[in-house]
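Structural characterization, general
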Amino acid sequence: MSGRSIQRTFSSLGGKVNLQGGGDGALEAVAAAEKAIRDLHRRLTRFEDDSELSRLNSDPRHQVPSSPVMIRFAQAARYAGELSGGLVDATLLEAIKKAGYTESIDPDSAEPAAIDFTGPAKTNRSPGAASASSRWESISVDHITNSVSRPPGVKLDSGGIGKGLAADIGAELLDHLDYFAVGCSGDLRFGNKANSQRQILVASPWRGEEPVGELRLAGGAVCTSGITRRSWVNDEGRPSHHLIDPRSGEPAFTGVTQVTAVAPTAVEGEARAKAALLAGPEEAPEWLIHGGVIVLDDRQVITVGEPAAMVAS
Amino acid sequence: MNEDLTPKELARIKREARAKRIGNIRRRVLVLGATLAAVFSGVALVRTEINQPAAGSATRSTLAQSAPVQSGDGESDDSKSDEGGAIGGAIVGVVNSVLGDSSGDGSSATTSTSSPAPAPQPAAPLTTSQS
């Protein structure tokens with residue numbers, strides 16, 4: 001056992017992963033968390049043809065033997081769909097590709113497209129809604145045969161749920177330490193034995209601007225979803241991004257630019273943040289039952305709950 | 001044996017012997033009292049720290065490590081991590097040491113090792129951004 005305070009940053013999950021751990025065994029625990037997150041990325045990326053996710057998506061069988069990580073992802077995808085009533089749908093891979101998201105985008109290393117949501121409406125804004133087909137309901141796992149089932153042709157996208165799952169798995173490997181923090185391309189899990197609060201800054205959706213919010217929490221998850229950082233201008237010259245309205249199959253412009261959700265786990269936080277964004281300004285606060293921060297297209301910032309009193313765990 | 005001593009000399013020797021015994025007793029009582037005061041002050045301090053979450057883990061760790069010193073067999077027992085048992089064991093160990101109890105293995109509670117304080121989490125804030 002060695003290591004008192006360890007910090008490790010590396011590129012993975014389409015962005016930067018930051019691990020922090022303090023206490024006896026921190027070195028080994030952080031190394032184990034990094035290995036697990038790298039393994040998750042390798043298995044769940046859709047940008048590599050030989051990843052387990054790509055092979056699952058092209059497999060003609062209804063039931064496909066899968067790794068424990070893939071089984072957990074399939075469970076998380078199903079959970080997100082159930083929690084959000086279908087607003088968060090991990091089966092929209094073809095729609096995301098159609099929108100133009102065909103290559104990995106690292107928002108930390110590349111300038112996002114200069115999309116201005118603050119001026120007069122450049123797009124029609126309307127709340128998103130669940131798809132009538134609800135293909136996410138077809139996802140199931142079998143723990144006896146260690147397999148994932150879905151109708152052949154239904155393709156999964158790991159996306160934000162995959163990042164949330166990575167943060168949760170990292171936290172499981174670090175939470176015995178005196179303190180820990182896992183940041184997976186913006187999704188956070190953190191905690192400490194002393195139960196002391198930690199300052200959490202909510203980054204602005206617009207590059208180079210000051211944080212739009214500040215939270216103080218002892219532990220849990222804080223996850224952010226938005227439409228400005230993984231965005232681009234499509235062939236028609238219109239802004240496009242990776243958050244798809246399940247009903248229309250098109251990038252969602254609901255009037256909400258970014259949502260940060262507090263939750264006990266990062267998978268739940270991801271689901272709540274994305275559901276709030278897709279639900280639009282009117283219903284967004286209802287999804288943030290543990291608290292959070294909403295940024296609207298007109299730059300209005302809405303804090304849900306008392307930032308200093310939010311308890312995520 | 002006392003035939004060569006006068007009654008006065010015999011009385012003086014008895015007085016000196018009694019004074020020496022009383023002196024020894026007083027010294028032991030003082031040492032014991034001071035030790036007990038120190039131990040109970042320590043116990044009070046430990047209990048105060050246990051009630052403070054920030055120091056809770058370090059305190060328990062210290063107590064868990066001090067208990068095997070009293071066991072004499074060098075083995076750690078899960079039950080030794082019990083706060084009351086560990087504190088009680090430490091008190092007994094200190095008292096035995098002061099009184100010169102030969103039944104112990106020569107170790108005393110004061111030789112117990114302390115685990116380092118919990119690593120403080122960084123003051124720098126975490127930042128959440130669009131994933």
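As a reminder, the structure under discussion sits directly above these lines.
Here is a short report on the structure shown in this document. Since the structure is predicted, the reported quantities are computational estimates derived from the model, not experimental observations.

Next up on the list: the environment of Arg272(A). All names here are of chain A. Locating Arg272 in the fold gives a position in helix α6 (residues 266-279). Sequence separation between Arg272 and Ala261 is 11 residues, and the spatial gap between their C-alpha atoms is 6.3 Å. Those residues in contact with Arg272, other than ones at most four positions away along the chain, are Leu83, Ala261, Trp287, Leu288, Ile289 and His290. Only 3.1 Å separates the side chain of Arg272 from the backbone oxygen of Trp287, close enough to count as a polar contact.

For the rest of this paragraph, the subject is the sheet that holds strand β15 (residues 256-263) of chain A. Residue and element names in this part refer to chain A. Pairing in this open sheet of eight strands is antiparallel, and the strands run β1-β2-β6-β7-β10-β15-β16-β17 from one edge to the other. Every interior strand has two partners, whereas the edge strands, β1 (5-12) and β17 (301-304), have only one. Each strand axis lies, on average, 10 degrees off the axis of its neighbour in the sheet, ignoring direction. Bridge count between strand β6 (residues 179-184) and strand β7 (residues 187-192): six bridges; the pairing is antiparallel. By the bridge assignment, Cys184 is partnered in β7 with Asp187.

Counting residues in hydrophobic clusters, the biggest one holds 66 residues, and the most contacted among them are Ile37(A) and Phe73(A). By residue number, the principal contributor to this core is α6(A), which donates nine residues. Excluding residues that lie within four positions of it along the chain, Ile37(A) makes contacts with Phe10(A), Ser12(A), Leu13(A), Val17(A), Leu19(A), Ala166(A), Gly170(A), Val182(A) and Cys184(A). Residues Ile200(A), Leu215(A), Val222(A) and Leu126(B) belong to the second largest nonpolar core, which totals 11 residues.

Below, the discussion takes up the interface of chain B and chain A. Between chain B and chain A, the contact holds 18 residues from the first and 42 residues from the second. Between chain B and chain A, roughly 2,200 Å² of surface is buried when both sides are summed, and carbon and sulfur atoms account for 52% of that area. In terms of surface lost to chain A, no three residues of chain B exceed Leu126(B), Gln130(B) and Ser131(B), which account for 39% of the buried area on that side. The tally of links from chain B across to chain A stands at zero salt bridges. At the surface where chain B touches chain A, the tally comes to 16 residue pairs in polar contact (both at pLDDT 80 or more). Broken down by secondary-structure element, the contributors of at least two residues to the side of chain B that touches chain A are α2 (53-71) and β1 (126-128) of chain B. Considered class by class, the residues forming the side of chain B that touches chain A number 11 nonpolar, seven polar and no charged. Here strand β8 (residues 198-202) of chain A pairs with β1(B) via three bridges, running parallel.

The next subject is α6(A). Residues and elements named next belong to chain A. Look at α6: 19 Å from first C-alpha to last across 14 residues, which is about the 20 Å you get at 1.5 Å a residue. Burial within α6 is extensive, with 14 of its 14 residues counted as buried. Directly beyond the C-terminal end of α6, a positive phi value near 90 degrees is found at Gly280.

Consecutive side chains of a regular strand alternate in pointing toward one face of the sheet and then the other. Residue and element names in this part refer to chain A. Here strand β10 (residues 220-226) lies mainly inside the structure; seven of its seven residues are buried. Side chains Gly220, Val222, Thr224 and Gly226 project from β10 onto one buried face, and the interleaved Ala221, Cys223 and Ser225 project onto a second face that is buried too. Of the pairings in the sheet, the one linking β7 to β10 comprises three bridges and is antiparallel in character. Pairing of Arg189 across the sheet is with Ala221, part of β10. Sheet topology places β10 next to β15; six bridges connect them, and they run antiparallel. In the strand pairing of β15, Val222 is matched with Val262.

Our next topic: unusual backbone geometry. Trans is the common state for peptide bonds, and a negative phi is the common state for residues other than glycine. Residues and elements named next belong to chain A. The backbone of Leu13 sits at a positive phi, close to 60 degrees, despite the residue not being glycine. Among the secondary structure elements, Leu13 is positioned in the loop between β1 and β2 (15-22). The exposure class assigned to Leu13 is buried, which follows from its relative accessible area of 8%. In the Ramachandran plot, Ser185 falls in the positive-phi region, its phi being about 50 degrees despite a non-glycine side chain. Mapped onto the elements of the fold, Ser185 is located in the loop between β6 and β7.

Our next topic: the layout of surface pockets. Residue and element names in this part refer to chain A. The volume enclosed by the largest pocket comes to roughly 580 Å³. Around the largest pocket sit 33 residues that line it, and Asp157, Ser158, Gly159, Gly160 and Lys163 are the ones nearest its centre. Counting residues per element, the ones that place at least two in the lining of the largest pocket are α1 (26-44), α5 (159-174) and α6. In terms of residues, the lining of the largest pocket owes the most to one element, α5, which gives five residues. Partitioning the lining of the largest pocket into residue classes produces 14 nonpolar, 11 polar and eight charged.

Calculation notes
- Residues numbered from 1 in each chain as written.
- Chains lettered and ligands numbered in written order.
- Predicted model: local features only at pLDDT ≥ 70, side-chain atom pairs only at ≥ 80, totals over all residues.
- Heavy atoms only, no water.
- Helix = DSSP H or I, 4+ residues; strand = E, 2+ residues; numbered from the N terminus.
- Contact = heavy atoms within 4.5 Å.
- Polar contact = N/O pair within 3.5 Å; in protein donor to acceptor, adjacent residues only side chain to side chain.
- Pairing = 2+ DSSP bridges.
- Axes fitted to C-alpha atoms, helices over the stretch in contact; angles between N-to-C directions.
- Core = buried A, V, L, I, M, F, W, Y, C linked by side-chain atoms within 4.5 Å.
- Buried < 20%, exposed > 50% of the residue type's maximum accessible area, 1.4 Å probe, protein only.
- Buried area = accessible area lost by both parts, 1.4 Å probe.
- Salt bridge = Lys/Arg side-chain N within 4 Å of Asp/Glu carboxyl O.
- Nonpolar A, V, L, I, M, F, W, Y, C, P; charged D, E, K, R; others polar.
- Expected span 1.5 Å × (residues − 1).
- 1 Å grid on protein atoms, 1.4 Å probe; cavity = no way out; pocket = protein on both sides within 12 Å on 5 of 7 lines; lining within 4 Å.
- Points joined across faces, edges and corners; volume = space filled by probe spheres on them.

That is the geometry; function is a separate question.
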